[in-house]
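Here is how the chains run, residue by residue.
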Amino acid sequence: MLGKPANLIQDIDFDLYESGKTHRLWLHLIDDPLGNAVAIPVILVKGSHPGKTLGITAALHGNEINGISIIQRLINEIDPTAFHGNILAIPVVNIPSFTNRKRRFVDNVDLNHIMPGNKKGNVSGVYAYRFFHKVIKNIDYLLDLHTASTGRINSFYIRADMKNKITAKLAKLQNPDIIVHNPPADGTLRGAASALNIPAITLEVGNPNTFQKSMIHTSITGIYNAIFHLGMMEGTLVADETPVIRCSGSYWLYTDRGGILTVFPATTKIVEKGEKIAVIRDIFGTIIKEYFSPERGVVIGKSVNPVNQTGGRILHLGVLRK
Ligand SMILES: [Zn+2]
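So, how was this worked out
- Going along each chain's sequence as written, the residues are numbered from 1 onward.
- For this predicted model, a pLDDT threshold of at least 70 governs which residues receive local features, and a threshold of 80 or more governs which side-chain atom pairs are given and counted, while totals over whole chains, interfaces and linings are taken from all residues.
- As a convention, hydrogens and water are excluded, and side-chain values are obtained from all of the structure's heavy atoms.
- Both site types are read off a 1 Å grid over the protein atoms alone. A 1.4 Å probe that fits but cannot get out defines a cavity, while an open set with protein on both sides within 12 Å along at least five of seven lines defines a pocket; lining residues have an atom within 4 Å of a point.
- Grid points are joined across faces, edges and corners, and a volume is the space filled by probe spheres set on the points.
- A run of H or I in DSSP counts as a helix once it spans at least four residues, and a run of E counts as a strand once it spans at least two, with each numbered from the N terminus.
- Just so you know the grouping, Ala, Val, Leu, Ile, Met, Phe, Trp, Tyr, Cys and Pro go in nonpolar, Asp, Glu, Lys and Arg go in charged, and all remaining residues, Gly too, go in polar.
- For the domain bounds, the source is a domain assignment made automatically or taken from a database.
- One side-chain nitrogen of Lys or Arg within 4 Å of one carboxyl oxygen of Asp or Glu is enough to make a salt bridge.
- The buried label applies to any residue whose accessible area, calculated with a 1.4 Å probe on protein chains only, is under 20% of its type's maximum; exposed applies above 50%, and partly exposed to all values in between.
- Structural elements are reduced to axes, namely lines fitted to C-alpha atoms, with helices fitted over the stretch in contact, and the angle between N-to-C directions of any two is expressed from 0 to 180 degrees.
- Roughly parallel means an angle under 35 degrees; roughly antiparallel, over 145; roughly perpendicular, 65 to 115; everything else is oblique.
- Here a residue-residue contact requires only that any non-hydrogen atoms of the pair lie within 4.5 Å.
- Strand pairing requires that DSSP identify at least two bridges connecting the strands.

Caption draft 1: Quick look at the layout of surface pockets. Taken as a whole, the largest pocket spans an internal volume of roughly 620 Å³. Taken together, 28 residues line the largest pocket, and the ones lying closest to its centre are Arg103, Tyr157, Arg159, Glu204 and Trp252. Elements represented by at least two residues in the lining of the largest pocket include exactly β6 (141–146), β7 (152–154), β8 (156–160), α5 (189–195), β10 (200–205), β11 (245–254) and β18 (313–320). The element that contributes the greatest number of residues to the lining of the largest pocket is β11, accounting for 3 residues. Here the residues of the lining of the largest pocket sort into 6 nonpolar, 12 polar and 10 charged. Domain assignment of the residues forming the lining of the largest pocket places at least three in each of domain 1 (5–229) and domain 2 (247–320).

Caption draft 2: Spatial organisation of the pattern of salt bridges. Applying the stated criterion to the full structure yields 9 salt bridges. A salt bridge links Asp11 to Lys137; the shortest N-O distance between them is 3.5 Å. Of the two residues, Asp11 sits in the loop between β1 (8–9) and β2 (21–31) while Lys137 sits in the loop between α3 (123–135) and β6, which places them 126 residues apart along the sequence. A residue is classified by how much of its surface remains accessible, and Asp11, at 39% relative accessible area, is partly exposed. Its relative accessible area of 52% is what places Lys137 among the exposed residues. Between Lys21 and Glu18 there is a salt bridge, with its nearest N and O atoms 3.3 Å apart. Shared partners join several salt bridges into a network, and the residues in it are Glu64, Arg103 and Asp110.

Caption draft 3: Broad picture of the packing of helix α4 (residues 165–173) against helix α6 (residues 213–229). With their axes 8 Å apart at the nearest point, α4 and α6 run at an angle of 135° to one another. As the angle between them shows, α4 and α6 are arranged oblique. Touching Lys169, Leu170 and Leu173 of α4 are Gly222, Asn225, Ala226 and His229, all from α6. Across the contact of α4 with α6, the residue classes tally to 3 nonpolar, 3 polar and 1 charged.

Caption draft 4: Structural view of the sheet that holds strand β14 (residues 276–281). Strand order in the open sheet formed by 4 strands is β15-β14-β12-β17, with antiparallel pairing between adjacent strands. Of all the strands in the sheet, just β15 (287–292) and β17 (307–308) have a single pairing partner and so form its edges.

Worth remembering: the numbers are spatial, not functional.
If you want it as structure tokens, here you go:
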């Protein structure tokens, strides 16, 4: 967590760094109880040619780590001497929770509910504020990388405002399984960036606490597509053979009984109205409740932890675009 003093910085000043090079830095945000600097890793690809800055953030939720590998692989491949503009990538935003392998911040607050933070705020509020103001103010576009939460799995899906031309295009370029139209919500990093007119999309890349090679690979291809489209590098756009499933919205289905939960359909599967999607058994193994899909839709994500209390999540249903 404590950066090497030589590259521990208080702010990101692009002018200090040589063009045509990739710079690896530690940005000081807060201090831990021992007074040590808690710094986030910052990768600045400073292109030889001037241009816009693409921001890529991962592990805002500390256990959502596929994005770390995506950033590492992407950055190690990119040639800054051929790059127009810059990439500002943060492989881990939420350092304290990453080291604790937790989703939420140390005070149990979800950082993606309180953006852009609060300058004079509490533990999570001030961390969010300093991250947002030291990093996001420097970028022109944002790709925010996430995964499902603990006990759940996701398809590779994008949340984006599909009524905004730029974010709609960035979403399609990712070649995801599913795109969910979702106007940027208050408190999220995507919403706070959008409020500053920074086009932002959320990439939900699979499952927490693991590296999923094929999803990481697909996602890197999509980010390259965005880079080519934005004119930052020369390259050929890669399209997916399987058509993307477009959703006009989505919602979670919850249990109304406690017990042992089994959810049937796989992620990305289309379920029909009335199709059986889950059962709950009591602790003796007897089925006590069956659940059916309320409408035709696509399974964006689902619970894989059978231990279910009343109100537990069943599955995340995407409403198919008419
Ligand atoms: Zn997340």
